[in-house]
Structures are given as structure tokens and as C-alpha cells.
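As a plain string of letters, each chain reads:
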Amino acid sequence: MLKLGKVGLFSLASVVVLGACGGANDGNNGGNEEADTDANEEEVTIEQIGSEDADVELVFWEFGNTGYDVLIEEYVEENPHVTINLQNSDMNDLHDNLFTSISAGTGAPDISMVEEAQIGRYLNAQESFINLYDHDADNVEGEFLDWVWRGAQSGDGDFQFGLPTDIGPTVMFYRTDVFEEAGFDSSPEAVSELVATWDDFRDVAEQINEDTGKLMTDSGELVFNARRDQATQQYFNTDGELIVDEHDQMREAFDYTADLLNDGLVGDIPLWTPEWHSGMASGEYATMLAPAWMQGVIKDNEPEEGVWSITTLPEGAGNWGGSYLTIPAETEHAEEAYAFIEWLTAPEQQLKAFLGYGLFPSTPAVYDMPEFLEYEDDYFGGIATAQVFGEAAQAVEPVFKGRQYYPVDDEFKQAIDDVAGGVDPEEAWQEALDRTERILAR
Amino acid sequence: MKKRRMSDQKRTALSAYLFISPFYILFAIFGLFPMIFSFYLSFFRWDGLTPMEYVGFSNFEFIFSDPAFFSSIKNTFLIGIMGTLPQIIVALFLAFALNSQLVRFRNSFRTLVFLPYITSIVAVAIIFGVIFNNQPFGFANYVLSFFDIGPIRWNAEYWPVKIAIASMVFWRWVGYNTIIFLAGMQSIPKDLYEAAKIDGATILQQIRHITIPMLRPVIMFVVFTATIGSLQLFTEPLIFLGRGLREEGITVVAYLWRDAFVYNSFGSASAAAIVLFFIIIVLTTINFLITSRIGKSKKVG
């Protein structure tokens with residue numbers, strides 16, 4: 001009997017433990033269902049905005065620090081029939097939760113923010129989302145940058161998954177002190193002219209390496225990214241077939257990066273590592289090819305003003321990051337949801353999001369607004385940074401990325417990394433191709 | 001009267017079943033169902049979003065033709081052996097030292113030695129990521145530079161990857177095993193050691209002829225838990241190598257995780273899980289055969 005009691009107690013204890021875990025998981029996965037959040041208060045913040053007796057409640061999942069709560073308050077004041085239940089969570093959690101709820105067919109919100117890198121995963125799941133073209137999205141299509149708009153589209157262009165919120169146009173951040181040490185004029189205009197092409201980039205890299213002993217940039221990854229994003233054809237065609245080996249743009253990007261690596265002009269300092277961060281402050285590398293949102297990272301690592309500056313990338317620009325607002329098909333209020341996201345992504349609101357929280361607008365109309373043009377940053381030598389990013393945003397080439405873009409891209413990044421480790425570029429390329437074909441065969 | 005007792009018995013039985021039922025209910029939902037579902041899934045092609053498509057055995061054919069899958073199995077065993085074998089030997093000596101009268105502040109050392117076990121694996125992996133840094137000034141490379149060994153790319157080269165991950169496993173588990181050994185050693189009668197000392201046995205001889213034979217069941221336990229632990233190796237390679245999980249360091253569990261959650265190929269991930277399931281069955285059977293033999297030899301002794 002004693003034994004039995006022990007067994008009972010033990011199983012009871014394990015039930016309590018398991019139950020607690022299960023509860024927490026449930027809360028995470030279906031965090032939208034009710035505002036009952038004792039288990040996940042830390043991860044998801046929920047805010048109910050609007051009057052209590054509104055006809056329609058929209059559940060809106062967002063991540064990051066967007067400042068949308070302020071904008072939403074404005075919206076519900078003008079539209080009292082709508083309340084918005086805004087739920088902010090960690091970016092990865094949000095995408096996991098969205099994937100799970102779409103896959104399970106229950107628990108998705110009325111509106112979900114989806115990161116640019118994640119939207120491709122849903123290309124096959126058209127039944128699970130509202131086609132925004134059914135809600136006259138073609139009326140607003142012209143307001144957005146063409147390439148951003150197409151980023152959330154099926155290969156044939158008939159299905160629009162989301163409205164773009166912000167973007168991450170890439171520019172060249174550079175250290176004025178290193179450029180001066182190598183005898184160059186360090187003003188943004190001069191550097192932009194000096195490094196107008198990728199051949200120039202290489203020449204300047206050699207010069208800097210010779211005069212200062214410093215690296216041109218941190219690692220091959222960002223050079224490869226920059227050249228990849230300028231390619232009009234990348235890994236897949238619009239039918240989703242692998243074409244990376246059938247045109248030369250990607251191979252050129254790869255060989256260019258490999259050459260720089262082999263000549264020791266580019267470092268082997270992987271992104272986000274401690275030495276990468278400290279390299280920004282100590283000036284181990286002269287440039288960094290990165291998007292608008294990298295400003296904060298640089299400012300955190302090198303507090304001194306006027307050391308880093310910004311100019312355009314050689315031969316155009318690219319994009320890294322940004323988000324879309326999607327409407328999962330489960331919603332019962334597609335119309336209201338669409339009206340809201342159309343309002344939220346309109347130029348006037350994007351300008352507010354930019355001035356308040358630094359979200360870079362996806363609607364070019366903003367780039368001509370006086371508040372935007374006047375935006376200057378003392379940190380980067382008092383230049384009108386927003387204009388530089390705006391120019392970059394308009395120079396991005398539209399490209400269809402495809403469903404498996406990110407895992408495939410990872411394999412080519414590994415190939416770049418292999419080259420940095422001494423592997424023959426041809427061999428590294430071929431291996432990346434083999435691995436890619438195996439991913440696609442799954 | 002008789003009837004009454006029957007219902008009493010029944011009632012006891014019923015309450016017992018009720019007491020244990022929550023476990024089984026939860027297990028059925030969170031354990032059994034996922035297991036059966038993944039078995040079912042392994043015959044389908046499914047990206048998690050679109051309808052499943054029956055493909056027969058082609059997921060198995062695929063993973064058996066994927067060199068990365070074999071690498072993952074090989075890695076799991078290599079890292080497993082590299083991480084556990086030295087660990088058990090070192091743990092044995094550590095436990096012996098902590099058990100002997102020679103060491104002062106034994107209780108503090110016992111606590112210290114156990115500390116790595118309770119640290120978060122993610123923290124361990126990040127710290128080891130700093131130690132096994134590819135740069136010349138990374139800690140491990142810096143130390144090696146004194147011996148004229150060039151900077152090693154710890155997260156990309158065949159053996160260095162395994163050494164780095166195995167050393168994480170070693171560091172985290174050595175204390176746990178030490179405590180288990182220590183518990184076993186304390187049940188060994190002290191007079192055996194005293195007698196050995198009188199006969200002039202050295203410490204090494206004591207370990208070889210007294211400690212190890214007396215500890216055999218405990219050693220077996222440690223070997224089994226270490227085997228299971230190394231088959232489940234996942235977090236260390238993931239944090240150390242990133243989501244791409246290079247072929248040089250990927251383990252079986254990491255392989256199937258990557259198939260499911262990076263490639264969205266739940267069918268082949270399930271197939272890999274089924275194969276892992278059979279590998280574990282084979283290993284458990286071998287373990288079982290060995291343990292039952294130990295029981296027999298004990299009776300003879």
C-alpha cells in the first residue's frame with residue numbers, strides 16, 4: 001500500500017510538472033485566443049486598443065519595437081466600430097506560432113506581421129491566407145516600391161500575401177579615419193564616387209590594405225550578400241526551379257568574393273561574434289555593407305560621433321530585412337483587417353513610424369516628404385542619412401526568391417566560409433550545389 | 001460480506017488507476033500520439049502547410065541516399081565516444097580523489113564538480129563558441145599557437161568540430177558522473193582499502209583491483225546513460241554551428257530537426273526519427289545483453 005501511495009504521489013507530481021509545461025506551451029501556441037496570460041506574460045504583451053463595445057475585434061500579431069500601438073490608437077478613434085488586440089512577441093516565437101497555427105488550421109490571428117525572410121515559406125499555402133488582390137490591393141500596389149511588393153507574391157504574380165511595412169535597403173557604412181589614413185577624401189560624395197564599381201571596391205581595398213594594413217570589410221558574407229542582392233536572377237526562377245548554375249550573376253558574385261578572400265583583402269570575422277562587434281570600434285575593417293537597421297548596432301559599438309559614415313553601395317543596392325502584414329484565411333473579418341493594414345502601411349503612417357521608431361518606409365512617396373528629407377544624423381557626420389537610404393531603396397532590383405530561398409542561401413554562405421578556410425572555390429561551389437539539390441529533393 | 005470486499009478491492013484498484021491515469025492521459029496526448037503520427041508521417045511528403053502526399057518508402061530511400069545522414073550517424077557516434085570515454089575515466093579518478101581522506105574541503109569540491117551539470121546548455125555552447133573561435137586570438141587557438149600549431153577553424157574542419165563539441169559534452173557531464181561514481185564508491189567497504197594498504201598496494205593498484213571491480217554496476221549505469229545522452233546530442237551542435245549545421249558536426253537529432261524546421265520537410269524528418277528509433281532499439285538490446293551477463297558473473301563471484 002505504501003508503495004502504491006508512492007507511485008500515486010510520483011505520478012501526481014509528474015502530472016503537475018507536465019501540466020505546468022503543457023500549459024505554458026499552450027499559452028505560447030494559442031496566445032491569441034484569450035487575454036488569459038498568466039504563463040506567458042513575459043513573452044507576449046497584449047494590448048486592447050479601442051472601445052469595448054466595438055462590433056469587430058481584430059487580433060494583430062507583431063514583433064519588434066514598431067510603435068504601432070500609437071498609430072492604432074489614432075485608427076480606432078476614427079473607426080470606433082473596430083478594436084484591435086495587439087500582441088507583441090519575440091520575432092522567432094511569432095513565426096513559430098504562426099507556422100504552427102496555419103499548419104494546424106486553428107489559432108491564427110486576423111492580421112500577422114511576417115518577416116521578409118519568412119514570407120517565402122508560405123508560398124505553397126495560398127489557401128491559408130487571404131489574397132489581398134481580392135480586396136483591391138491593386139489600388140495601392142503603385143504606392144509601394146515594386147521590388148518590395150513583389151517580395152510577397154506568388155511566382156505568377158496572381159497572389160499577394162501581404163502589404164509591406166518597412167524595409168532594409170543596404171548601403172556602405174565606412175570608417176572616415178581609415179579612408180583618410182589611406183589618403184582618400186572621406187566625404188560621402190567622394191567615397192561614393194571613389195567606390196562606384198566593384199572593381200573600384202577591389203582597388204580601394206588593395207590601397208587600404210597596403211597603406212594601413214587593415215581589412216576592407218569584415219567577412220565574405222556581406223560582400224557576397226551585396227552582390228547577390230544586385231543580381232536580377234538568384235537561386236530560383238518564378239516556377240520555383242533551381243537556376244543558380246544556369247546564369248552567371250550568382251557565380252560572378254561568388255567568384256568575386258572568393259578572390260577578395262584569397263587575396264586577404266576581406267576578413268574572416270563572422271557576423272555577430274564578439275570580435276565582429278569590437279572590430280567596429282577598433283577599426284579593424286574599413287567598410288561594412290549593411291542595411292539601414294545596422295545603424296543602431298554601429299552606434300552601440302562605437303559611441304564616438306563622426307567616425308562612421310554612410311554612402312551608397314557600388315553598382316546599386318540591396319535589401320536585407322523588413323516585414324509584411326498578412327491576413328490568415330481563418331479570419332472572419334477580412335474586410336476590416338484589410339482596411340486597417342491598408343491604412344497602417346499608407347505613406348502618412350509610414351512616415352510616423354520612421355520618425356518615431358526608425359522603421360524605414362516601403363512607400364517612395366515618403367522619400368519626398370520634407371520631414372523625411374530633413375532628417376539628419378549627427379552621428380554620421382550630420383548628413384541626411386534618410387536620403388541615402390531612400391536612394392538605395394529605389395535602386396534595389398526586384399527578384400523572385402522562392403520557398404526554399406533561405407536554406408539554399410545558407411549553403412552558399414557555407415561555401416564562402418569554406419573558401420575563407422582554404423577550400424578551392426570551384427569545389428566549394430560544386431558542393432554547395434550538391435547540398436542544395438539534396439535540400440530540394442526532400 | 002464477500003461482495004463488499006470485492007468492491008473494496010475494486011475501489012482500491014480504481015483509485016490507483018485514477019491516481020496514475022493523468023500520467024497516461026498526458027503521455028497519450030504528448031508522447032504516444034506524436035510517436036504514432038511521426039511513424040505515419042514518414043510515409044508522406046509534407047511541408048507542414050499543404051496537404052500530405054503519400055510517397056511510400058521514398059523518404060527512407062532519400063535519407064539512406066543522403067551522405068549527410070550517414071555523416072550525422074557517424075558524427076553522433078564519434079562525438080559520443082570522444083565525449084564520454086575520457087569523461088568516464090576522468091570522472092572515476094575525480095570520484096576516487098573526492099572519496100579519499102587525502103583531499104581537504106571535500107564537500108566544497110563535490111559541489112563544485114557538480115556545478116557544470118546545472119548550467120544551461122545554451123550558455124555552455126556560447127562560452128565554448130568563444131573558446132573555440134576561428135580567429136588566431138580565440139582562446140584555444142591562442143594556446144595552440146605556443147606549440148606552433150596554426151589557427152584552426154574549429155567550426156568547419158572535420159576533427160576540430162568534433163573535438164569542440166565533445167569537449168562541451170565532457171565539461172558538462174563529467175561532474176554528474178563523478179557524483180554517481182562517488183555514491184557507488186561510498187558503498188565499498190573501507191576495510192578492503194585498509195587491507196590493501198597494509199599489503200602495500202599503490203593508489204593505482206587500489207583503483208584497478210578494488211574500486212573498478214566493485215563499481216561495475218555503477219559503471220554500467222553511467223555507460224548506458226552516457227550512450228543515451230550522446231544519441232540525443234542536439235543543442236550543442238546547433239548553437240555551435242548555427243542553423244545551417246555543417247556536415248562535419250551534425251548529429252542525428254540535429255539532422256532530423258533541420259529537415260523538419262529549416263527545410264520544412266516533415267516526412268523525411270520523421271523517417272530519420274524512425275531510423276534513430278531502430279538504432280536505439282539495437283543499442284538497448286546490446287546493453288541489455290551485457291547487463292544480464294554481468295548479473296550472472298556476479299552470482300558466480
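This one's a predicted model, so the numbers in the text were calculated from it and none came from an experiment. (Residues numbered from 1 in each chain as written. Chains lettered and ligands numbered in written order. Predicted model: local features only at pLDDT ≥ 70, side-chain atom pairs only at ≥ 80, totals over all residues. Heavy atoms only, no water.)

For the rest of this paragraph, the subject is the overall build of chain B. Of regular secondary structure, chain B possesses 13 helices and two strands. Rg of the C-alpha trace for chain B: 25 Å, well past the compact-globule value of 19 Å for 301 residues, more than 25% over. Seen along its three principal axes, the alpha-carbon backbone of chain B occupies a region of about 85 × 75 × 35 Å. A total of 301 residues make up chain B; the buried ones form 43% of that total. Contacts in chain B between residues at least 24 apart in sequence constitute 62% of all its contacts with a sequence separation of at least 6. (Helix = DSSP H or I, 4+ residues; strand = E, 2+ residues; numbered from the N terminus. Rg over C-alpha atoms; globule rule 2.2 N^0.38 Å. Buried < 20%, exposed > 50% of the residue type's maximum accessible area, 1.4 Å probe, protein only. Contact = heavy atoms within 4.5 Å.)

Bringing the packing of helix 3 (residues 67–99) of chain B against helix 12 (residues 252–261) of chain B into the picture now. The description of two packed helices rests on the angle between their axes and on the distance between the axes. Residues and elements named next belong to chain B. At a minimum axis distance of 8 Å, the contact between helix 3 and helix 12 shows a crossing angle of 145°. Of the residues in helix 12, those touching helix 3 at Ala68, Phe69, Ser72, Ile73 and Thr76 are Val252, Tyr255 and Arg258. Grouping the constituent residues of the contact of helix 3 with helix 12 by class yields five nonpolar, two polar and one charged. (Axes fitted to C-alpha atoms, helices over the stretch in contact; angles between N-to-C directions. Nonpolar A, V, L, I, M, F, W, Y, C, P; charged D, E, K, R; others polar.)

Moving on: unusual backbone geometry. All names here are of chain A. Not every positive phi belongs to a glycine, and aspartate 136 is a case in point at roughly 60°. Looking at the element boundaries, aspartate 136 is found in the loop between helix 4 (116–119) and helix 5 (138–141). The backbone of glutamate 315 sits at a positive phi, close to 55°, despite the residue not being glycine. Of note, glutamate 315 is situated in the loop between strand 8 (308–311) and strand 9 (319–326). Among the residues examined, glutamate 315 registers a relative accessible area of 45% and is labelled partly exposed.

Right, let's talk about a negative patch on the surface for a bit. On the surface, Asp156, Asp158, Asp239, Glu241, Asp245, Glu246, Asp424, Glu427, Glu431, Asp434 and Glu437 of chain A cluster together into a patch of negative charge. If you trace the backbone, glutamate 241 of chain A turns up in the loop between helix 10 (220–230) and helix 11 (249–262). (Patch = residues over 30% accessible without salt bridge, like charges linked within 9 Å, V, L, I, M, F, W, Y side chains within 5 Å. Areas by Shrake-Rupley, 256 points an atom, 1.4 Å probe, with all protein chains shown as cover. Salt bridge = Lys/Arg side-chain N within 4 Å of Asp/Glu carboxyl O. Lys, Arg positive; Asp, Glu negative; His and termini not counted. Charge placed at Lys NZ, Arg CZ, Asp CG, Glu CD.)

With 34 residues of chain A at the interface, the matching set in chain B holds 35 residues. Among the residues chain A hides against chain B, the three largest losses belong to Glu275, Arg438 and Arg442 of chain A. Together they make up 24% of the total. In this assembly, chain A and chain B are joined by nine salt bridges. Viewed at the interface, chain B and chain A are joined by 15 residue pairs in polar contact (both at pLDDT 80 or more). For the side of chain A that touches chain B, the secondary structure elements donating two or more residues are helix 1 (2–29), helix 3 (91–104), helix 12 (274–282), helix 18 (405–420) and helix 19 (425–441) of chain A. Its residues placed into classes, the side of chain A that touches chain B shows 16 nonpolar, eight polar and 10 charged. (Buried area = accessible area lost by both parts, 1.4 Å probe. Polar contact = N/O pair within 3.5 Å; in protein donor to acceptor, adjacent residues only side chain to side chain.)

Together, Phe77, Ile81, Leu85, Ile89, Phe93 and Leu204 of chain B give the surface a local cluster of nonpolar side chains, amounting to about 590 Å² of exposed area. The element that contributes the greatest number of residues to the nonpolar patch is helix 3 of chain B, accounting for five residues.

This part covers empty space enclosed by the protein. All names here are of chain A. Summed over all chains, the structure comprises four cavities of 30 Å³ or more. Secondary-structure elements contributing two or more residues to the lining of the largest cavity are helix 18 and helix 19. The biggest single contributor to the lining of the largest cavity is helix 19, with three residues. Residue composition of the lining of the largest cavity, by class: five nonpolar, two polar and eight charged. (1 Å grid on protein atoms, 1.4 Å probe; cavity = no way out; pocket = protein on both sides within 12 Å on 5 of 7 lines; lining within 4 Å. Points joined across faces, edges and corners; volume = space filled by probe spheres on them.)

Quick look at the packing of helix 8 (residues 190–198) of chain B against helix 9 (residues 203–214) of chain B now. All names here are of chain B. Packing of helix 8 against helix 9 brings their axes to within 11 Å, and their N-to-C directions diverge by 165°. In terms of orientation, helix 8 and helix 9 fall into the roughly antiparallel class. By crossing handedness, the relation of helix 8 to helix 9 is classed as right-handed. Contact with helix 8, carried on its side by Leu192, Tyr193, Ala196 and Lys197, involves Gln206, Ile210, Thr211 and Met214 of helix 9 and no other residues of that element. (Parallel < 35°, antiparallel > 145°, perpendicular 65-115°, else oblique. Left-handed = near helix turned anticlockwise from the far one by under 90°.)

All names here are of chain A. Residues Trp308 and Ile310 of strand 8 are buried on one face, and the alternating residues Ser309 and Thr311, pointing to the opposite face, are buried as well. Bridge analysis of strand 5 (residues 162–175) against strand 8 gives four bridges, and the strand direction is antiparallel. Counterpart to methionine 172 in the pairing with strand 8 is threonine 311. (Pairing = 2+ DSSP bridges.)

The subject of this paragraph is the packing of aromatic side chains. Scanning all chains against the criterion turns up 64 aromatic pairs over all chains. Ring geometry for tryptophan 293 of chain A and tryptophan 320 of chain A: centres 5.0 Å apart, planes at 75°, overall edge-to-face. Of this pair, tryptophan 293 of chain A sits in the loop between strand 7 (285–291) and helix 13 (294–301) while tryptophan 320 of chain A sits in strand 9, placing them 27 residues apart in sequence. Accessibility expressed as a relative area gives 37% for tryptophan 293 of chain A, which makes it partly exposed. Seen in terms of ring centroids, phenylalanine 69 of chain B and phenylalanine 70 of chain B are 6.0 Å apart; in terms of plane orientation they differ by 70°. Their pairing is edge-to-face. Using a relative accessible area of 0% as the deciding quantity, one classes phenylalanine 69 of chain B as buried. (Phe/Tyr/Trp six-rings, centres within 6.5 Å; stacked < 30°, edge-to-face > 60°.)

This part takes up the confidence of the model for chain A. Residues at a pLDDT of 70 or more form 90% of chain A, whose mean pLDDT is 87. The low-confidence segment residues 1–41 of chain A, where pLDDT is below 50, has 28 contacts with residues more than four positions distant or belonging to other chains. (pLDDT = per-residue confidence, 0-100.)

A few words now on the pattern of salt bridges. Close approach of charged atoms lets side chains of opposite charge pair. Residue and element names in this part refer to chain A. A full pass over the atoms with the stated rule returns 25 salt bridges over all chains. Between glutamate 206 and arginine 202 there is a salt bridge, and its shortest N-O distance comes to 3.5 Å. Residue glutamate 206 and its partner arginine 202 are located together in helix 9 (residues 198–212), separated by four residues, close to a single helical turn. A relative accessible area of 36% means that glutamate 206 is categorised as partly exposed. Between arginine 251 and glutamate 426 there is a salt bridge, with its nearest N and O atoms 3.0 Å apart. Pair noted here: arginine 251 is in helix 11 and glutamate 426 is in helix 19, with a separation of 175 residues, a long-range link.

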